[in-house]
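# Structural overview
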Amino acid sequence: MKSAVVLIFVSFLFMSFSLQAQNQLSVSGTIRSGNEPISGATVSIPVLGKTLVSNDNGFFRFGKLQAGSFEIIITYSGFNTYQQKIDLTDKPIVLDINLEADRNRSLEEVVIRDFKSESVSGKLSDISGTSIYAGKKTEFINLKNINANLATNNTRQIYARVPGLNIWEYDRGGLQLGIGGRGLSPNRSSNFNIRQNGYDISADALGYPESYYTPSTEALEKIEIIRGAASLQYGPQFGGLVNFVMKEGPRDKPFEITSRQSFGSFNFFNSFNSIGGTVAKNKLNYYAFYQFKTGDSWRPNSHFDQHNAYAQLSYAFTEKLKVSAAYTFMKYLAQQPGGLTDQQFEEDPSVSNRARNWFQVNWNLINLNLDYTFNKNTRLNWRNYTLQGGRDALGILTYINRPDYGGNRDLMMDKYSNFGSELRVIHQYTLFKQQRSTFLAGMRLYHGLTDRKQGDGNDGSGPDFNFTGTEPNKSDYEFPGSNLAFFAENNFSINKHWSVTPGLRFEHINTKAQGYYYKNNIFIPDDKIQESKSDPRSFLLLGLGSTWKFGNGLEFYANISQNYRSINFNDLRIVNNNAKVDPNLKDETGYNMELGFRGNFNNWFYTDVSLFYLKYNDRIGSIFTTDTSFMTYRLRTNVSDSRNLGLELLFEGDILKAISQGYSKYKLLLYTNFSLIDARYVHTKNTAIDGKLVENVPPVMVRTGLSFGNQRFNISYQFSWQAKQYSDATNTEETPTAVDGAIPAFSVMDLSVSYNWRWFTVYTGINNLANASYFTRRADGYPGPGIIPADIRNWYATLQFKL
């Protein structure tokens, strides 16, 4: 906790210096309508040429002023212009301004906030930047409006309004993200294309698409999600795209500081500190943060320390050309308590059978982005990025129903070196009786390299990530991969109601493997096998989407898009008693279909109801198997074809706004996220799995909640329920090693409260309010093997200072 004490001291020292700066001459104030703060009001002092915008709490401040007399003017749509003469002499002036509604405007025009701006979720615009989203199921999560445990990246709360997501809850600090949509595995979100500001951040987007880095939600503006139809623009993954949009510096002031200090159960501490602003005659925007996070789990043999930093600069050279650059650093070390058997979980889920398991990650991302506007109809985006990072896993991977007798531990070390470049051009033109249509074309170049080693680590108990011999005694491989892709979509606006969006994507992929592994055959000890493989292939993906807009904010949408997932050599040579991989794995193919209805009713209610069908050919899954010594293990192979059929539903509405017919100084948001998924294996002669449920697919998921408050305070309650699911294709109920078996149904509740006063905001809450005992995952490797219990009841508290 010494680091935590130092960070607290530095943070509050910074606050004190900032507060002392307020003693210079200034004019500040709060703008309101009655008791409701007004965000976004324009405040100006014409004689000084100064203009700014009130913040979320209606607050504004002009600093570094000279003594004198001048007039301050405040304007906001739907309200009378406010003017006041100011005589600034020897001390700061603080104003409390109550704007009066313009009586010549209708009630709808006087609404302070629209529903979309204050809601947590919604759909993306049909055309956004250099992307086409028309005819696709899209969602966004507005982090600005969410009341949740952001310090630990609480996935259950953050993604509460995204239907159909299966969430793995397996680390206390929110270090890794595990989500899967529409019946796809949540394993490190590998079925989604995971991006940050539009560029890849997974370990190897081509050969090993697992996410070991998750952006801090305290630094996010929003999260964008595009389902399976994202395959044409962003890559052929079945799950679609998850894009984390980072915050930028405020556009209306040169400097802003935010400091968030969080505490919680099990010695949790988090310090998040950021700066941002716009300078150089509004041409240079900057944003940077540093975060330190540490804590334990409620189980012994568990602790984590994380360092996360980010810096971004964006410079507008001209009105047409903008260049941005960003650097992301993340490093963490975590001790993992291992998994449990079914009996151990029932008797006491707090126990730990592994005291020598460690996991560390080192992540470095660099991005260079160029935006150029040729004219009002044509724009170009060119994004370039690299990942230099790695992850190391050290510990005991033997069966969890056997104790750790000591001896050498298993060590797996990965190094990643990836480079990518993506160019996009979008053009809007007139077609079909003056209707605006949009054409998008692009290309992507990518090269990834994974260097993977596995062998014996030492027999100690600490985080010593070094092999015992001169070389790894199990395997040592390089997995290079290259990818060239071309894609195009065109949104044809047939008339003011109907649009059609066809698209295609050409992919060329070449994955390779070079290295050696030891067979460890009992008849031929330490038999070293050299390998060199290459698998080049090319394919074409097609898709078609359509939208019918009713003109009142409501629309039907539908699409069908092909998907493809290439196997990677990376997993083939991992030695693990709990799991084996079929050396004859084949690529997976299939398609997504969806039909939906969505829209905003009368500016107080949003809904998105959709049906989907996901066809998966040669699906790679897990089968419960027994070896010659009658020990069970999980076999990863092309199980058979599968089909996922489902319903996804989201309702979100402001009840008070509906009752008051458009305006209320308070809001009472009610939301319900509901999904039904029937995912089964089909077209197979294996009677053990024919017609069985696909693993890691809860057939029913419900998340619902209520949020009450205004811009000063808020209280939010959430209830989640998830039906029983299985961890393997044979739908095994229980196994001795606990790697395979049922994952029982469970329910969990969360409560969050926040209150704001000027520069300070307090957030607090309780996760797992009823102290439910449950788990969401059975692991065959780290952080297990075995059952990984979810967190018991825990609390958090965050003090935020923003100036």
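Relevant structure appears above.
This is a predicted model, so every value here is computed, not measured.

## Focus on the nonpolar core
With 59 residues, the main nonpolar core has Y159, I223, F244 and W363 as its most contacted residues. Setting aside anything within four residues of it in sequence, one finds F244 in contact with Y159, L177, I194, R195, Q196, N197, I201, P215, L220, K222 and I223. Ranked by size, the runner-up nonpolar core spans 23 residues in total, among them F60, I74, Y76 and F79.

## Remarks on the sheet that holds strand β3 (residues 42-45)
Strand order across the open sheet formed by four strands is β4-β3-β6-β7, with antiparallel pairing between neighbours. Because the sheet does not close on itself, it has two edges, and the strands there are β4 (50-53) and β7 (82-88). Each adjacent strand pair in this sheet contributes to an overall mean axis angle of 20 degrees, direction not counted. Note that β3 and strand β6 (residues 68-75) share three bridges and pair antiparallel. The residue of β6 that forms the bridge with T42 is T75.

## Quick notes on the pattern of salt bridges
Within this structure, the stated rule accounts for 45 salt bridges. Across the pair D414 and R391 runs a salt bridge, and its minimum N-O distance is 3.6 Å. Taken as a pair, D414 in strand β26 (residues 410-431) and R391 in strand β25 (residues 378-395) lie far apart in primary sequence, 23 residues in all. The exposure classification of D414 matches that of R391, with both residues buried. Its salt-bridge partner being D618, residue K586 comes within 3.6 Å of it at the nearest N-O pair. Of this pair, K586 sits in the loop between β32 (579-581) and β33 (588-601) while D618 sits in strand β34 (residues 605-626); the two residues are 32 residues apart in sequence, bridging distant segments of the chain. Bridged by salt links that share partners, the residues K137, E139, R182, R227, E594, D608 and E648 form one connected network.

## Regarding the side chain of T607
Tracing the chain through its elements places T607 in strand β34. A polar contact is formed between the side chain of T607 and the backbone oxygen of L650, at a distance of 3.1 Å. Sequence-distant contacts of T607, defined by excluding residues within four places in its chain, comprise F597, R598, G599, F601, L650 and F651.

## Concerning the sheet that holds strand β15 (residues 192-196)
Strand order in the open sheet made by the six strands is β9-β12-β17-β18-β15-β16, with mixed pairing throughout. Two strands close off the open sheet at either side, each with one partner strand: β9 (121-122) and β16 (199-200). Relative to strand β18 (residues 240-246), strand β17 (residues 220-226) runs antiparallel, the two sharing six bridges. Its bridge partner being in β18, L220 is matched across the sheet by M246.

## Re the pairing of strand β8 (residues 93-98)
Along β8, the buried face is formed by I93, L95 and I97; none of V94, D96 and N98, which line the opposite face, is buried. Relative to β8, strand β1 (residues 27-33) runs parallel, the two being bridged by six bridges. The residue bridging V27 from the neighbouring strand is I93, located in β8.

## Considering the packing of aromatic side chains
Enumeration over the complete set of coordinates arrives at 31 aromatic pairs. Ring centres of Y212 and W363 lie 6.2 Å apart, and the angle between their planes is 55 degrees; on these two criteria the pair is classed as tilted. Separated by 151 residues along the polypeptide, Y212 in the loop between β16 and β17 and W363 in strand β24 (residues 357-375) bring together distant segments of the chain. By relative accessible area, which is 1% here, W363 ends up buried. Centre to centre, the rings of F760 and F801 are 5.2 Å apart; their planes meet at 50 degrees, and the pair counts as tilted. Pair noted here: F760 is in strand β42 (residues 760-767) and F801 is in strand β45 (residues 794-802), with a separation of 41 residues, a long-range link.

Here is what the cut-offs are and how they apply
- Residues numbered from 1 in each chain as written.
- Predicted model: local features only at pLDDT ≥ 70, side-chain atom pairs only at ≥ 80, totals over all residues.
- Heavy atoms only, no water.
- Core = buried A, V, L, I, M, F, W, Y, C linked by side-chain atoms within 4.5 Å.
- Buried < 20%, exposed > 50% of the residue type's maximum accessible area, 1.4 Å probe, protein only.
- Contact = heavy atoms within 4.5 Å.
- Pairing = 2+ DSSP bridges.
- Helix = DSSP H or I, 4+ residues; strand = E, 2+ residues; numbered from the N terminus.
- Axes fitted to C-alpha atoms, helices over the stretch in contact; angles between N-to-C directions.
- Salt bridge = Lys/Arg side-chain N within 4 Å of Asp/Glu carboxyl O.
- Polar contact = N/O pair within 3.5 Å; in protein donor to acceptor, adjacent residues only side chain to side chain.
- Phe/Tyr/Trp six-rings, centres within 6.5 Å; stacked < 30°, edge-to-face > 60°.

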